[in-house]
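# Examining the three-dimensional arrangement
What follows is each chain in one-letter form.
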Amino acid sequence: IMNPTFDLLKEYPLIAAVRESAQLGAAIESKCKIIFLLSANLNTIEDKVKEIGSQNKKVFVHLDLMEGLRRDRVALDFLINKAHVDGIITTHSSIIRAARDMNVPTIQRLFLLDSVSVDTGIQSVNKVSPDFVELLPGTIPTTIRHFSKEIKTPIIAGGLINTSAEVKEALVAGAVGVSTGNYKLW
């Protein structure tokens, strides 16, 4: 796979998932090469991305959780061309397609609740071809192994990851990276 994000994950597979502004400093000071911004708004996003980028870290923004922006092409244009994000996270296939059309790395986030959501998720990923798929909760090695056999897209495990053992389990199961809000693991 020729993908700069994939290369960064090979270097250091933990991703700092930042939910609160107070966590941003710890994420920036961490060894993590990639930061997921899971909360931001129209007024703060540019400054946060600039701060993260100044430390040579990549930032992916979860568009679905952004305040003040709709989930549409105009929001993508703003995030890419004004805020200068490195990538987009979303649960929506239409946003994945639009971001890919704009040559921006994408992460499709899937919440796996039951066997139907697993099957639907596999179909969706194979249809829209995001650069990565993030499976939540990330403490599901059996499902990570199943997905890795059914899709060609690299997997990031996220959600409910609280120990280094859970990080290792996810990586052994086939994930290329693990996102966690637990700053002690960063």
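Scope of this entry: the structure provided in the associated data block.

Reading guide: rules and limits
Residues numbered from 1 in each chain as written. Predicted model: local features only at pLDDT ≥ 70, side-chain atom pairs only at ≥ 80, totals over all residues. Heavy atoms only, no water. Buried < 20%, exposed > 50% of the residue type's maximum accessible area, 1.4 Å probe, protein only. Helix = DSSP H or I, 4+ residues; strand = E, 2+ residues; numbered from the N terminus. Pairing = 2+ DSSP bridges. Arc of directions from axis to C-beta. Contact = heavy atoms within 4.5 Å. Axes fitted to C-alpha atoms, helices over the stretch in contact; angles between N-to-C directions.

Turning next to the pairing of strand β8 (residues 132–136). Buried residues dominate β8, accounting for 5 of its 5 residues. Burial along β8 is two-sided: F132, E134 and L136 facing one way and V133 and L135 facing the other are all buried. Here 5 bridges tie strand β7 (residues 106–111) to β8, and the two strands are oriented parallel to one another. Note that in β8 the partner of Q108 across the bridge is V133.

If you check which residues of helix α3 (residues 45–53) are buried, you get I45, K48, V49 and I52. All buried residues of α3 lie within an arc of 95° about the axis, which places them on one face of the element. Away from its buried face, by an angle of more than 90 degrees, α3 presents the exposed residues D47 and K50. Of the surrounding elements, those touching the buried residues of α3 are α2 (21–29), β2 (34–37), β3 (40–41), β4 (58–62), β5 (66–67) and α4 (73–81).

Take the sheet that holds strand β6 (residues 87–90) next. Spatially, 8 strands are ordered β1-β2-β4-β6-β7-β8-β9-β10 in a closed barrel, and the strand pairing comes out parallel. Here the strands of the sheet are splayed against their neighbours by 25° on average, with no regard to which way each runs. Two strands pair when backbone bridges link them, and β2 and β4 are joined in this way by 4 bridges, in the parallel orientation. Considered in β4, the bridge of I34 is made with K58. Together, β6 and β7 form the strand contacts of helix α5 (residues 93–101), whose direction differs from that of β7 by roughly 170°.

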